[in-house]
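Listed below are the residues making up each chain.
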Amino acid sequence: MKLKWHKTNYKLMTGKWKIGILLEAGYCVVQSLVRGELYIKIARNIYFLPKCIPYPNSQLLSRWELNYFCNGLKLVKEQIIEKQKELAGENITDGKLVIILRSVQFSDCNIQDEAFAVTAIQWAAEVFDFMKPEIIVSFDKNCTVGGLKGRYFFDFSTVRNNSNRGRLKKLYNINQNKKRN
């Protein structure tokens, strides 16, 4: 299995505090999945496998952060599927695209879970050669969450595909609930 690795650097430099995520992930097309690995299904024949190298070269993502990362990949799964068809050849049913997360680094002090979804989308756009959708981000300096003043709000509504309605609503509702608190 020959992996193609790619690093991306997501930066959000608006508002009172900044968010930065450095990420390295790779992908390959395989005929079958390795038994015993904990794959997360993104779409038909597309799987995600978190295999981060040990600290200090990478940080572990919480279940919540991993969920946001996977949701980011799911938001652009149609674009990934198009690339998968090219990678697997004409007979797409024989090839499984596996995305493996090798390392991720970020400041625990300056992070918001939604940023992992945006980072996944940015990585996928760079690797699978499609235009990254514009995700509008605003900062509310008057919002207080967990004792911290200020909160970013991410608008994923520009990320369009037929199966995103429920996922977008879920991300929107999470943002709105955090905004009220």
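Throughout, a residue's number is its position along its own chain's written sequence, starting from 1. Predicted model: local features are reported for residues with pLDDT of at least 70 only, side-chain atom pairs are reported and counted for 80 or more only, and whole-chain, interface and lining totals are derived from all residues. No hydrogens and no water enter the side-chain calculation; it runs on all heavy atoms of the structure.

Digging into the pairing of strand β5 (residues 96-106)
Logical step 1: Of all the eleven residues making up β5, nine are buried; the element is thus mostly covered by neighbouring parts of the structure.
Logical step 2: DSSP bridges decide pairing: two strands pair if at least two such bridges lie between them. Starting at the N terminus, helices and strands are each numbered in turn, a helix being any DSSP run of H or I of at least four residues and a strand any DSSP run of E of at least two. Two elements, strand β2 (residues 19-30) and β5, share ten bridges in a ladder whose sense is antiparallel. Bridging from a neighbouring strand, Val29 pairs with Leu97 of β5.
Logical step 3: Pairing analysis gives five bridges linking strand β4 (residues 46-50) to β5, with the strands arranged parallel. In the strand pairing of β5, Ile46 is matched with Leu97. Working definition: with a 1.4 Å probe on protein chains only, accessible area under 20% of the residue-type maximum means buried, over 50% means exposed, and in between means partly exposed.

Focus on unusual backbone geometry
If a residue is not glycine, its phi is most likely negative; likewise, a peptide bond is most likely trans.
Logical step 1: A cis geometry characterises the amide bond from Tyr55 onward to Pro56, with omega recorded as 15 degrees.
Logical step 2: With phi around 55 degrees, Asp129 is a residue other than glycine that occupies positive phi space.
Logical step 3: Inspection of the secondary structure puts Asp129 in the loop between α3 (114-128) and β6 (136-145).
Logical step 4: With relative accessibility at 67%, the residue Asp129 sits in the exposed group.

Some details on the pattern of salt bridges
Logical step 1: One side-chain nitrogen of Lys or Arg within 4 Å of one carboxyl oxygen of Asp or Glu is enough to make a salt bridge. Summed over all chains, the structure comprises three salt bridges.
Logical step 2: Residues Lys51 and Glu37 are paired through a salt bridge, measuring 3.2 Å at the closest nitrogen-oxygen approach. Of the two residues, Lys51 sits in the loop between β4 and α1 (63-75) while Glu37 sits in the loop between β2 and β3 (40-43), which places them 14 residues apart along the sequence.

Overview of α3
Logical step 1: When the terminal C-alpha atoms of α3 are compared, their 21 Å separation across 15 residues agrees well with the 21 Å that a helix rising 1.5 Å per residue should span.
Logical step 2: In terms of residue burial, α3 counts as a mostly covered element, since 14 of its 15 residues are buried.
Logical step 3: At the C-terminal side of α3, Asp129 shows a positive phi close to 55 degrees. Expected span of a helix, by definition, is 1.5 Å for each gap between consecutive residues, and there is one gap fewer than residues.

Remarks on the environment of Tyr27
Logical step 1: Mapping Tyr27 onto the fold places it in strand β2.
Logical step 2: Separated by 21 residues in the primary sequence, Tyr27 and His6 place their C-alpha atoms 8.8 Å from one another.

Brief notes about the packing of α1 against α3
Logical step 1: Lines fitted to C-alpha atoms define the axes here, with helix axes fitted over just the stretch in contact, and angles between the N-to-C directions of these axes take values from 0 to 180 degrees. In contact at an axis separation of 7 Å, α1 and α3 are set at 40 degrees when each is read in the N-to-C sense. Between α1 and α3, the angle falls in the class oblique. Between α1 and α3 lies a crossing whose hand is right-handed. Of the residues in α3, those in contact with Glu65, Tyr68, Phe69, Gly72, Leu73 and Leu75 of α1 are Glu114, Phe116, Ala117, Ala120, Ile121 and Ala124.
Logical step 2: For this classification, Asp, Glu, Lys and Arg are treated as charged, while Ala, Val, Leu, Ile, Met, Phe, Trp, Tyr, Cys and Pro are nonpolar and the rest, including Gly, are polar. For the contact of α1 with α3, the per-class residue count stands at nine nonpolar, one polar and two charged. Every angle not falling under 35 degrees, over 145, or within 65 to 115 is termed oblique; those three ranges are roughly parallel, roughly antiparallel and roughly perpendicular. In this scheme, a crossing is called left-handed if the near helix is turned counterclockwise away from the far one by less than a right angle; it is called right-handed if the turn is clockwise. In this analysis, two residues are considered to be in contact whenever any of their non-hydrogen atoms come within 4.5 Å of each other.

What is shown is where atoms sit, not what they do.
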